[in-house]
Amino acid sequence: MFRILCFYFYPVKQLHYFNPGHEASVCQRNPYFTPSVNVRKMTEDLAWLPVWYARPGDWVWTGSPFPEPSFSFPAGLIPPGQPLTTAGLRKKKDTGEEPLEGMPWGISPDSVRKMRELKKSSGYPLTVPEWKEEYVALTGRSCAAECLTYLRELYPSALLPAIPLFFHETETLRQYINRCPGQYILKSPYSSSGRGLVWVEGTVPEKEWNWIRGVLTRQGSISLEPALDKIRDFGWEFLSDGEGKVVYKGISPFTTNAKGAFERTFISSQQQVLADIYRLISPDVYDCFLEGVTRFVREKYSYRYKGCIGVDILVYRTATGGIALHPCVEINMRYTMGYLALQLEQFLYAEARATFQITYHKDPADGFREHLRMQESHPLEVADNKIRSGYLSLCPVTSGTHYKATLWVKSER
């Protein structure tokens, strides 16, 4: 059985910042990168998310004033982190508060610039994370391919999926697909949460070639790998201290939509999640791959990066009808929804099960009405900072909110 080593990381208080989609800024190496409208809206609507995965005493920079009317969490439920506006940070400068360490969702040129500007405008003793050029390679999909190569060398007899191929020009890719027809997934090297994926079978439609040409122009390459008959998605979550130590934090099951984008994750005890996966995969195979991936993460990231690392894995059906584990679909050098889900487990009663979900409403008024209905029809039952059942929005919801992060808890008592 693979043993989990525990270390105490991050004694300094941290200032968290939610910046989804940071991979685009990393790819362009642009500190003044402007995200898409949807990403900017998600950043605004879900700015409070880190209060749930922060440590007690940490702060979460929301960037803007709190919604009106003022938002408060249900009585008896206290998240570990505390939201803080830019103005609030300025005020705390005069109260003798201890220094803070900046900790964005994902380190990018853009997030580093914003934290530097925050430090300057607030005058607060804030340690800003350093941007390193090597983060460009560590953030891209090529690291997952490198991890698979590493595992092949570590476990020569293990059943592993094909290693992704990377193409730098359209014609070479076209020739390969024509020569080796099949079902494939094309992936842009810098994307997240299931975005930047296209499934192809046989011939590639012209509209997809337009997308491919766009990816090659913007990012310089595109990856190709065989499509697998997926059964279930999971994520392994790690913390790196930047000084050579990596802690495995746990496994989180999740689902995606038809295009591969993150939809929801299910929260229960680690014992229950492992029992579920052991029904599909031998514990020896599972533990072997977990140990190998942990070794790779430690060697590749632990001296270069401080923060969360998520490794997406999946269980799939092989061509012969067997069941196998893909131990490294992609590596996310950032905080993840899976890590957040693991932290939310501490707020549940032992007999409770929860679904954590990100939803989007084109008409925010519809989302607000649904939020009010859910609050009324599924009131939260809380005692001793733990939830037994009910509906909870993890971030403030107003009539202008497009993105919601919600927790729906059911008791199995």
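As the structure is a computational prediction, the values presented were derived from the model and not from experiment.

What counts and how
- Every residue gets a number counted from 1 within its own chain, in the order that chain's sequence is written.
- In keeping with the model being predicted, local features are shown solely for residues with a pLDDT of at least 70 and side-chain atom pairs are shown and tallied solely at 80 or more, while totals for entire chains, interfaces and linings include all residues.
- No hydrogens and no water enter the side-chain calculation; it runs on all heavy atoms of the structure.
- Numbering of helices and strands runs from the N terminus, with a helix taken as a DSSP run of H or I at least four residues long and a strand as a DSSP run of E at least two residues long.
- Values of the radius of gyration come from C-alpha atoms, whereas the globule rule sets the reference at 2.2 Å times the count of residues to the power 0.38.
- When a residue's accessible area, from a 1.4 Å probe over protein chains only, is under 20% of the maximum for its type it is buried; when over 50% it is exposed; and in between it is partly exposed.
- Throughout, a residue-residue contact means that at least one pair of heavy atoms, one from each residue, lies within 4.5 Å.
- Under the convention used here, a 1.4 Å probe and the Shrake-Rupley method define accessible areas, while residue burial counts only the protein chains that appear.
- As used throughout, the charge tally considers Lys and Arg to be positive and Asp and Glu to be negative, leaving His and the chain termini uncounted.
- To locate a charge, take NZ of a lysine, CZ of an arginine, CG of an aspartate or CD of a glutamate.
- What counts as a ring pair is set by centres within 6.5 Å for rings of Phe, Tyr and Trp (its six-membered ring), and what kind of pair is set by the plane angle: stacked under 30 degrees, edge-to-face over 60, tilted for all other angles.
- Helix span, as expected, comes to 1.5 Å for every residue beyond the first.
- Cavity: a set of points on a 1 Å grid over the protein atoms alone where a 1.4 Å probe fits but cannot get out. Pocket: an open set with protein on both sides within 12 Å along at least five of seven lines, its lining residues, like those of a cavity, having an atom within 4 Å of a point.
- Grid points are joined across faces, edges and corners, and a volume is the space filled by probe spheres set on the points.
- Classes in brief: Ala, Val, Leu, Ile, Met, Phe, Trp, Tyr, Cys and Pro nonpolar; Asp, Glu, Lys and Arg charged; the others, Gly included, polar.
- Helix axes are fitted only over the stretch in contact, all axes being lines through C-alpha atoms; the angle between N-to-C directions runs from 0 to 180 degrees.
- Should an angle fall under 35 degrees it is taken as roughly parallel, and over 145 as roughly antiparallel, whereas 65 to 115 is taken as roughly perpendicular and any remaining angle as oblique.
- Crossing handedness: left-handed means the near helix sits turned counterclockwise from the far one by under a right angle, and right-handed means the same turn made clockwise.
- Distance and chemistry together define a polar contact, namely a pair of N or O atoms within 3.5 Å, with one atom able to donate a hydrogen and the other to accept it when in protein, and with adjacent residues in sequence counting only for side-chain atoms on both sides.
- Any two strands with at least two DSSP-identified bridges between them are counted as paired.
- You can read pLDDT as the predictor saying how much it trusts each residue, on a scale of 0 to 100.

With that settled, consider the overall build of the protein chain. Within the protein chain, the regular secondary structure consists of 12 helices and 18 strands. Relative to the compact-globule value of 22 Å for 413 residues, the protein chain shows a C-alpha radius of gyration of 22 Å, a close match. Taken over 413 residues, the protein chain has a buried fraction of 53%. For the protein chain, long-range pairs separated by at least 24 residues make up 71% of all intrachain contacts whose partners lie at least 6 apart in sequence. When the accessible area of the protein chain is evaluated, it comes to approximately 19000 Å², of which 52% is carbon and sulfur surface. In the protein chain, 48 side chains carry a positive charge and 44 a negative one; their mean positions are 2 Å apart.

For the rest of this paragraph, the subject is the packing of aromatic side chains. Tallied over the full model, the rule gives 19 aromatic pairs. Judged by centre distance (5.6 Å) and plane angle (55 degrees), the ring pair of Phe238 and Tyr248 falls under tilted. With Phe238 in strand S10 (residues 229–241) and Tyr248 in strand S11 (residues 246–256), the pair connects residues that are 10 residues apart, well separated along the chain. For Phe238, a relative accessible area of 0% gives the class buried. Under the relative-accessibility criterion, Tyr248 is labelled buried at 8%. Between the aromatic rings of Tyr278 and Tyr286, the centroid separation amounts to 5.7 Å while the plane-to-plane angle is 85 degrees, which identifies the pairing as edge-to-face.

The terminal C-alpha atoms of helix H8 (residues 206–219) lie 20 Å apart, and with 14 residues this matches the ideal 20 Å at 1.5 Å per residue to within 8%. Burial in H8 covers these residues: Glu208, Trp209, Ile212, Gly214, Val215 and Leu216.

Moving on, we come to the layout of surface pockets. Empty space among the atoms becomes apparent when a probe as large as a water molecule is rolled across them. By volume, the largest pocket amounts to about 900 Å³. Lining the largest pocket are 37 residues, with Gly21, Ser36, Val39, Ser192 and Arg195 sitting closest to its centre. If you list the elements that add at least two residues to the lining of the largest pocket, you get helix H1 (23–28), helix H2 (37–45), H8, strand S12 (262–267) and strand S15 (352–360). Of the residues that constitute the lining of the largest pocket, the class distribution is 17 nonpolar, 14 polar and six charged.

Turning next to the packing of helix H6 (residues 142–154) against helix H10 (residues 283–301). Between H6 and H10, the shortest axis-to-axis distance is 10 Å and the interhelical angle comes to 125 degrees. Of the possible angle classes, the one that applies to H6 and H10 is oblique. For H6 against H10, the interelement crossing comes out right-handed. For the pair H6 and H10, contact is made by Cys143, Glu146, Cys147, Tyr150, Leu151 and Leu154 and by Gly292, Val293, Arg295, Phe296, Glu299, Lys300 and Tyr301, respectively. Here the contact of H6 with H10 is built from residues that sort into eight nonpolar, one polar and four charged.

Among the secondary structure elements, Ser188 is positioned in the loop between strand S7 (183–187) and strand S8 (197–201). There is a polar contact of 3.3 Å between the side chain of Ser188 and the side chain of Ser191. The residues contacting Ser188, other than those within four sequence positions of it, are Arg141, Gly196, Trp211, Val215 and Gln219.

Turning our attention to the side chain of Asp58. As for its position among the elements, Asp58 is in the loop between H2 and strand S2 (59–61). There is a polar contact of 3.0 Å between the side chain of Asp58 and the backbone nitrogen of Gln14. Looking at Asp58, its side chain comes within polar contact range of the side chain of Arg55, at 2.9 Å.

Moving on to empty space enclosed by the protein. Here the structure, examined in full by the defined rule, presents four cavities of 30 Å³ or more. If you add up the space inside the largest cavity, you get close to 70 Å³. Residue lining of the largest cavity: His22, Glu23, Thr139, Gly140, Arg141, Pro189, Ser191, Glu330, Ile331, Asn332, Met333 and Arg334, and that is the complete set. Take the lining of the largest cavity: its biggest share by element is three residues, from strand S14 (residues 323–332).

Let's shift gears to the sheet that holds S2. If you trace the five strands from one edge of the open sheet to the other, you get S3-S2-S1-S4-S5, paired in parallel fashion. The open sheet is flanked by strand S3 (82–84) and strand S5 (126–127), the only strands paired with a single partner. Examined bridge by bridge, strand S4 (residues 100–104) and S5 share two bridges and lie parallel to one another. Bridge pairing links Glu101 to Thr127 in S5.

What follows deals with the confidence of the model for the protein chain. For the protein chain, the average pLDDT comes to 91, and 95% of its residues sit at 70 or higher. Mean pLDDT across the elements of the protein chain ranges from a minimum in helix H3 (residues 86–93), with 87, to a maximum in H10, with 98. Segment residues 1–8: pLDDT under 50, and 12 contacts once partners within four positions in sequence are set aside and those in other chains are kept.

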